[in-house]
Each structure stands twice: as C-alpha cells, then as structure tokens.
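An overview of the molecular structure
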Amino acid sequence: MTPSPTSSSSTPPAGGQVEQAKADLAKRLGIDAARVTVVSSEEVTWSDGSLGCPEPGMMYTQALVPGGRIILEVDGTQYNYHSGANRAPFLCEHPK
C-alpha cells in the first residue's frame, strides 16, 4: 500500500508553476488559458520518486520528495498536475 502524499503546509507552489500548468493544459486542449480555473494548489511531500503519478513497470526512488499538486478545471473536468524533484508541473492522468 502506498501512503498518500502529505501536505507540508498551506503554502501553494510558486505562482510560476501554476502558470506553467495552466499554459500546458490550455495548449493540450487548444483553448485560451483564461478558460482554465485553478481549483487548488498546494505543496506536498510525495512518498516516492513517482511524484504521485506512477507508471506501470517503472521503478522509483523510495524517498520522500518535496513537490506540489495543482488541480485545474475546464468546463467541469478536473486535471491534476504534479511537480517535484526539480521537475516542472506535468499532467498526471492517473494520480495515486
């Protein structure tokens, strides 16, 4: 069983990361970034190197990793972006 990430504080990830995530999602969906709403943005400590987004068959470092979780919404659909270990926010389609 993989433990859930823990919030390290109520401080959100740097505003630049939120803007990066919004820009990425807008590009993926072919829409204006103004249509992307930020549902939440928080700093978390991921339980391993998968940053809460493990891929089948991959192995990850087994160490706590500081990072962030940003949840965006467009037209009622939510999208999870994860970051950490100096990795820019990325779309996590199957968050754990």
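Our structure's up above, just so we're on the same page.
Described below are features of the structure shown in this document. These numbers were taken from a predicted model, which means no experiment stands behind them.

On to the pairing of strand β3 (residues 65-74), then. Two faces belong to every sheet, and in a regular strand the side chains alternate between them. With eight of 10 residues buried, β3 lies mostly within the body of the structure. The pairing of strand β2 (residues 37-46) with β3 spans nine bridges and is classified as antiparallel. From the neighbouring strand, Thr 45 faces β3, where its bridge partner is Pro 66. The sheet contact formed by β3 and strand β4 (residues 77-84) spans eight bridges and is antiparallel.

Here we come to the nonpolar core. Side chains that are nonpolar tend, in soluble globular proteins, to be buried together. Formed by Val 18, Ala 21, Leu 25, Ala 26, Ile 31, Val 36, Ile 70, Leu 72, Val 74, Tyr 79, Tyr 81 and Leu 91, the largest nonpolar core amounts to 12 residues. Looking at this core, the elements with two or more residues in it are α1 (15-29), β3 and β4. With four residues, α1 is the largest single contributor of residues to this core. Excluding its chain neighbours within four sequence positions, the residues that come into contact with Leu 72 are Ala 21, Lys 22, Leu 25, Val 36, Thr 37, Val 38, Val 39, Thr 77, Gln 78, Tyr 79 and Tyr 81. Leu 51, Val 65, Phe 90 and Cys 92 belong to the second largest nonpolar core, which has seven residues in total.

Moving on, we get to the packing of aromatic side chains. Under the criterion given, the structure shown has zero aromatic pairs. A cation over a ring is seen here: Arg 87 above Phe 90, with NZ or CZ 3.7 Å from the ring centre.

What counts and what doesn't
Every chain's residues receive numbers from 1 upward, in the order its sequence appears when written. Two thresholds apply to this predicted model, a pLDDT of at least 70 for residue-level local features and 80 or more for giving and counting side-chain atom pairs, whereas whole-chain, interface and lining totals are computed over all residues. As a rule here, side-chain values cover all heavy atoms of the structure and leave hydrogens and water aside. Buried, partly exposed and exposed residues are distinguished by accessible area as a fraction of the type maximum, computed with a 1.4 Å probe on protein chains only: under 20%, between the cut-offs, and over 50%, respectively. Counting from the N terminus, the helices are DSSP H or I runs at least four residues long and the strands are E runs at least two residues long. Two strands make a pair as long as DSSP finds a minimum of two bridges between them. Among the buried residues, those of types Ala, Val, Leu, Ile, Met, Phe, Trp, Tyr and Cys that are joined through side-chain atoms within 4.5 Å form a nonpolar core. Note on contacts: a residue pair qualifies if any of its non-hydrogen atoms lie within 4.5 Å across the two residues. Classification of ring pairs uses Phe, Tyr and Trp, with its six-membered ring standing for Trp, and accepts pairs whose centres are within 6.5 Å; under 30 degrees between planes counts as stacked, over 60 as edge-to-face, and the remaining range as tilted. Either the NZ atom of lysine or the CZ atom of arginine qualifies as a charge over a ring when it sits within 6 Å of the ring centre and within 35 degrees of the ring normal.

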